[in-house]
Amino acid sequence: MPGSSPHHNDSDWTEPATVSKRKAKQAIEWRDLNYQETYICPVCRHGQIAALTLMDAFACAFCRHIFTSNLQEQLIHVEDSSQPMTWRWNGHNWKAANQLDVDLTIVVWLVGLALVLLPPALIWLSSHTFPPMRGSTWAWFPTVWISLTFGAHFTFVAWLLAEHYQVPVYITSKIWLREALGRR
């Protein structure tokens, strides 16, 4: 080829220094899941999980969840929860590995929607079927009652969904509240 070096071929080509430095840094940061190191907790994302002495398991120092591991597949599974949660270690952080049961998820959302909308709708229907007299001192009460019912049911369903999905912010705040109240 004209203008090319006789000693140049595609296999001798080296990458620019910035790309090779970035790859070297990623290779250093990447690490396998093993029992000798600590990792950020995938549940609370605040504490560190470390191996339990004389066991093939991990535990979080903050939220106190216990995890079993599969080192060959780089997986951990939380054992002390009613929800079957599994995470895969990708060398840098955790990725959810379990697939939620779609049928259960749809049922949870439909029941939650019914719990939020049905009670206020029933109160609204009764207040429009038998409205208070205009100008009476209690004419405002149905509107406030509908609002309070909606707010209370929405809070209840939001709490149930946070428990179902184990939202990290919710778990962390629950643990901080437990520690603030002096309970372990």
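Preceding this section is the structure that the text describes.
What counts and what doesn't
- Residues numbered from 1 in each chain as written.
- Predicted model: local features only at pLDDT ≥ 70, side-chain atom pairs only at ≥ 80, totals over all residues.
- Heavy atoms only, no water.
- Helix = DSSP H or I, 4+ residues; strand = E, 2+ residues; numbered from the N terminus.
- Polar contact = N/O pair within 3.5 Å; in protein donor to acceptor, adjacent residues only side chain to side chain.
- Core = buried A, V, L, I, M, F, W, Y, C linked by side-chain atoms within 4.5 Å.
- Buried < 20%, exposed > 50% of the residue type's maximum accessible area, 1.4 Å probe, protein only.
- Contact = heavy atoms within 4.5 Å.
- Salt bridge = Lys/Arg side-chain N within 4 Å of Asp/Glu carboxyl O.
- Phe/Tyr/Trp six-rings, centres within 6.5 Å; stacked < 30°, edge-to-face > 60°.

K.L.:
Teacher, can you tell me more about the side chain of His-65 here?
P.N.:
Summarising the element assignment, His-65 is placed in the loop between strand 3 (57–60) and strand 4 (66–70). Among the polar contacts made by the side chain of His-65, one reaches the side chain of Asp-80 at a distance of 2.9 Å.

K.L.:
Before we go on, may I ask you to explain the nonpolar core in this structure?
P.N.:
If you look at soluble globular proteins, the nonpolar side chains tend to sit buried side by side. By size, the foremost hydrophobic cluster in this structure holds 21 residues, and its most contacted members are Ile-49 and Phe-67. At the level of secondary structure, the elements contributing two or more residues to this core comprise strand 3, strand 5 (75–78), strand 6 (86–89) and helix 4 (168–180). Each residue touching Ile-49, except ones within four places of it in the same chain, is listed here: Glu-37, Thr-38, Tyr-39, Ile-40, Cys-41, Pro-42, Phe-58, Ala-59, Cys-60, Phe-67, Ile-76 and Trp-94.

K.L.:
Would you take a moment to explain the pattern of salt bridges for this structure?
P.N.:
Pairing between side chains becomes possible if they bear opposite charge and their charged atoms approach one another. All chains considered together, the criterion is met by 1 salt bridge. Its salt-bridge partner being Glu-163, residue Lys-174 comes within 3.1 Å of it at the nearest N-O pair. Of this pair, Lys-174 sits in helix 4 while Glu-163 sits in helix 3 (residues 141–165), placing them 11 residues apart in sequence. On the basis of relative accessible area, Glu-163 is assigned to the partly exposed category, the value being 23%.

K.L.:
Help me understand the packing of aromatic side chains in this model?
P.N.:
Both the distance between ring centres and the angle between the ring planes are used here to describe each pair of aromatic rings. Taken as a whole, this structure holds 13 aromatic pairs when the rule is applied. Seen from their ring centres, Phe-62 and Trp-176 are 6.4 Å apart, and the 80° between their planes marks the pair as edge-to-face. Separated by 114 residues along the polypeptide, Phe-62 in the loop between strand 3 and strand 4 and Trp-176 in helix 4 bring together distant segments of the chain. Judged by relative accessible area, Phe-62 falls into the buried class, the value being 12%. Taken together, a centroid distance of 5.5 Å and an interplanar angle of 25° make the contact between Trp-138 and Trp-140 stacked. Three or more aromatic residues joined by ring pairs make a cluster, and in this case those are Tyr-35, Tyr-39, Phe-58, Trp-89 and Trp-94.

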